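# Structure at a glance
Read off the chains here:
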Amino acid sequence: IKKQQQDVLGFLEANKIEFEEKDIAANEENRKWMRENVPEDSRPASGNPLPPRLFNDSRYLGDYNAFFEARENNAVYAFLGLTAPPGSKVGE
């Protein structure tokens, strides 16, 4: 989990994409919010959804696997619901 979180954060920081990180380990409100906002069909069969989970405001985007796939397909900006900066190969 930690490696996946670092991968997502590193990508966002390297591409100067603004984000807000929410710690669900130390904050019960954040944990509750994530559980309530991950759609039913994106939850594990048992237990709670594990991080990292990505949202654009309160719109659920996906988990690490969805992020990774978007990155591999150069479609991260579309995945995040953002407009790719001019000349960016990520998002074309």
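Cut-offs used in this document
Residues numbered from 1 in each chain as written. Predicted model: local features only at pLDDT ≥ 70, side-chain atom pairs only at ≥ 80, totals over all residues. Heavy atoms only, no water. Pairing = 2+ DSSP bridges. Helix = DSSP H or I, 4+ residues; strand = E, 2+ residues; numbered from the N terminus. Buried < 20%, exposed > 50% of the residue type's maximum accessible area, 1.4 Å probe, protein only. Arc of directions from axis to C-beta. Contact = heavy atoms within 4.5 Å. Polar contact = N/O pair within 3.5 Å; in protein donor to acceptor, adjacent residues only side chain to side chain. Salt bridge = Lys/Arg side-chain N within 4 Å of Asp/Glu carboxyl O.

## Overview of the pairing of strand E2 (residues 59-63)
Strand direction decides the pairing type here: strand E1 (residues 53-56) and E2, joined by four bridges, are antiparallel. Residue arginine 53 lies in a different strand from E2, and its bridge partner there is aspartate 63. The turn linking E1 back onto E2 is made up of two residues, and aspartate 57 within it adopts a positive phi angle of 60°.

## Digging into helix H3 (residues 64-72)
Of the residues making up H3, those classed as buried are Tyr64, Phe67 and Ala70. Buried positions in H3, seen along its axis, are confined to an arc of 125° and lie on one side of it. Opposite the buried face of H3, by more than 90 degrees, sit the exposed residues Asn65, Glu69 and Glu72. Packed against the buried residues of H3 are helix H1 (2-14), E1, E2 and helix H4 (76-80). Two to three positions downstream of the cap, the backbone nitrogen of asparagine 65 sits 3.2 Å from a side-chain oxygen, assigning the N-cap of H3 to aspartate 63.

## Things to note about the pattern of salt bridges
Taken as a whole and judged by the stated rule, the model has three salt bridges. Among the salt bridges present, the one from arginine 31 reaches glutamate 28, with a minimum N-O distance of 2.6 Å. Taken together, the positions of arginine 31 and glutamate 28, both in helix H2 (residues 28-37) and three residues apart, correspond to about one turn of that helix. Judged by relative accessible area, which is 21%, arginine 31 ranks as partly exposed. The exposure class of glutamate 28 is partly exposed, given its relative accessible area of 45%. The closest approach of N and O atoms between glutamate 40 and arginine 43, which form a salt bridge, is 3.5 Å. Classification of arginine 43 as partly exposed rests on a relative accessible area of 32%.

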